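What follows is the residue order along each chain.
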Amino acid sequence: MKNSILLFVFLAISSITYSQTKDSMTDSRDGEIYETVTYNINGKQITWMAQNLRYETEGASVYDNVSSYKKKLGLLYTSNAVNSSCPKGWHLPTVSEWESLTALFGGYYKASKTLKSERGWEWNEKLAEGLARRGKVITFEKGNNSSSFNALPAGWNIKRGTASPYYLDIGNLTVFWTLDKDDSKVNPSLLYRLLNRKTEQFKPAAGARHQVSDKEQEIRDNYIRVGHIPNAKASCRCVKND
């Protein structure tokens, strides 16, 4: 089984409506019902879950152990747990599948507004107010969910060094696993990061897969693919097998 990679998704801007078909599926393992959405991507009908996976297994947990978050935000999974968590007939999306979805809605710098849910990102407004009081201006754009993908800011869980694992960034960002691995890393975690910020002074970590110039930094709409984050828990969306 391949090691999983994190898709850290930074949500940005686009208001174009694309052909899509909404439906639902039932996970036979626990009876959980998920909304789904099918897109025509490069001439193929590709069906994605439109909600985060909620399947309970060892290595999965709800954010901050608040049980009421499970239904809306789903569970957060370790890389080992997520490898076998999608229902029969479904699979973890590859990096290529995520990038095809992103391309369908305008690419790295334009896709996030359409992928992002309309509600749930209010934390960013409070953050902007706090930063403004300190003289730093950051603007935010809410999602319109015209894709029906409904990405929610579910946060994630990480462990740094010898510190205990901790939950963070609910209401601010979302992180998804992919199937692929980075062979250059011992414990690979490739991230697609989706944030709500329209302008942000942020530079990728050294060694990140996608670097931005100063000019790109000024105009980008908050998509960035970061690199290696070990010992993380993140959300899971599954794709239906062909």
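Residues numbered from 1 in each chain as written. Predicted model: local features only at pLDDT ≥ 70, side-chain atom pairs only at ≥ 80, totals over all residues. Heavy atoms only, no water.

(A) Spotlight on the overall build of the chain. A count of helical and extended segments in the chain gives 6 helices and 14 strands. Out of the 242 residues in the chain, the part that is buried amounts to 52%. Intrachain contacts of the chain at a sequence separation of at least 6 include 70% that bridge at least 24 residues. Per element, the accessible surface of the chain, about 11600 Å² overall, is 48% carbon and sulfur. (Helix = DSSP H or I, 4+ residues; strand = E, 2+ residues; numbered from the N terminus. Buried < 20%, exposed > 50% of the residue type's maximum accessible area, 1.4 Å probe, protein only. Contact = heavy atoms within 4.5 Å. Areas by Shrake-Rupley, 256 points an atom, 1.4 Å probe, with all protein chains shown as cover.)

(B) Geometry of the state of the cysteines. Tallied over the full model, the rule gives 1 disulfide. Across the disulfide from Cys-86 sits Cys-238; the S-S distance is 2.1 Å. Sign of the S-S torsion, about -90° for the bond between Cys-86 and Cys-238, identifies this disulfide as left-handed. Highlighted residues: Cys-86 in the loop between α2 (79-82) and β7 (90-91) and Cys-238 in the loop between β13 (232-233) and β14 (239-240), separated in sequence by 152 residues. Considered together, Cys-86 and Cys-238 belong to a single accessibility category, that of buried residues. (Disulfide = S-S within 2.5 Å.)

(C) Structural view of unusual backbone geometry. Although it is not a glycine, Ser-148 adopts a positive phi angle of roughly 65°. Tracing the chain through its elements places Ser-148 in the loop between α5 (123-133) and β8 (154-158). Given a relative accessible area of 12%, Ser-148 falls into the buried group. Phi is positive for Asn-150, which is not a glycine, with a value near 60°.

(D) Structural detail: the pattern of salt bridges. For the structure on display, the rule yields 5 salt bridges. Between Glu-32 and Lys-70 there is a salt bridge whose closest N-O contact spans 4.0 Å. Placement of the pair is Glu-32 in the loop between β2 (20-26) and β3 (33-41) and Lys-70 in helix α1 (residues 70-73), with a sequence separation of 38 residues. The closest approach of N and O atoms between Lys-70 and Glu-56, which form a salt bridge, is 2.6 Å. One end of the pair, Lys-70, is in helix α1; the other, Glu-56, is in the loop between β4 (44-49) and β5 (60-61), and 14 residues separate them in sequence. Salt bridges here are not isolated pairs; linked through shared partners, they connect Glu-32, Arg-54, Glu-56 and Lys-70. (Salt bridge = Lys/Arg side-chain N within 4 Å of Asp/Glu carboxyl O.)

(E) Up close: the packing of aromatic side chains. Counted according to the given criterion, the structure contains 8 aromatic pairs. Ring geometry for Trp-48 against Phe-149: centres 5.7 Å apart, planes inclined by 75°, an arrangement best described as edge-to-face. Taken together, the positions of Trp-48 in strand β4 and Phe-149 in the loop between α5 and β8 put the pair 101 residues apart, joining distant regions of the chain. Residues Trp-48 and Phe-149 agree in their burial class; the two are buried. Here the aromatic rings of Tyr-63 and Tyr-69 are separated by 6.2 Å at their centres, their planes lie at 65°, and the arrangement is edge-to-face. Relative accessible area serves as the criterion here: at 30%, Tyr-69 is assigned to the partly exposed category. (Phe/Tyr/Trp six-rings, centres within 6.5 Å; stacked < 30°, edge-to-face > 60°.)

(F) Up close: the pairing of β3. Examined bridge by bridge, β2 and β3 share 7 bridges and lie antiparallel to one another. Its bridge partner being in β3, Asp-23 is matched across the sheet by Thr-36. Hairpin geometry of β2 and β3 is characterised by an intervening segment of 6 residues between the two adjacent antiparallel strands and by a positive phi of about 80° at Gly-31. Bridging between β3 and β4 involves 6 bridges; their strand directions are antiparallel. Counted as the bridge partner of Ile-41 is Lys-44 from β4. Hairpin connection, β3 to β4: the antiparallel pair is bridged by 2 residues, and Asn-42 has positive phi, about 55°. (Pairing = 2+ DSSP bridges.)

(G) Seen up close, the side chain of Ser-85. Within the secondary structure, Ser-85 sits in the loop between α2 and β7. From its side chain, Ser-85 meets the backbone oxygen of Ala-81 in a polar contact 2.6 Å long. Beyond its immediate sequence surroundings of up to four residues, Ser-85 is in contact with Arg-29, Leu-53, Tyr-55, Thr-57 and Tyr-77. (Polar contact = N/O pair within 3.5 Å; in protein donor to acceptor, adjacent residues only side chain to side chain.)

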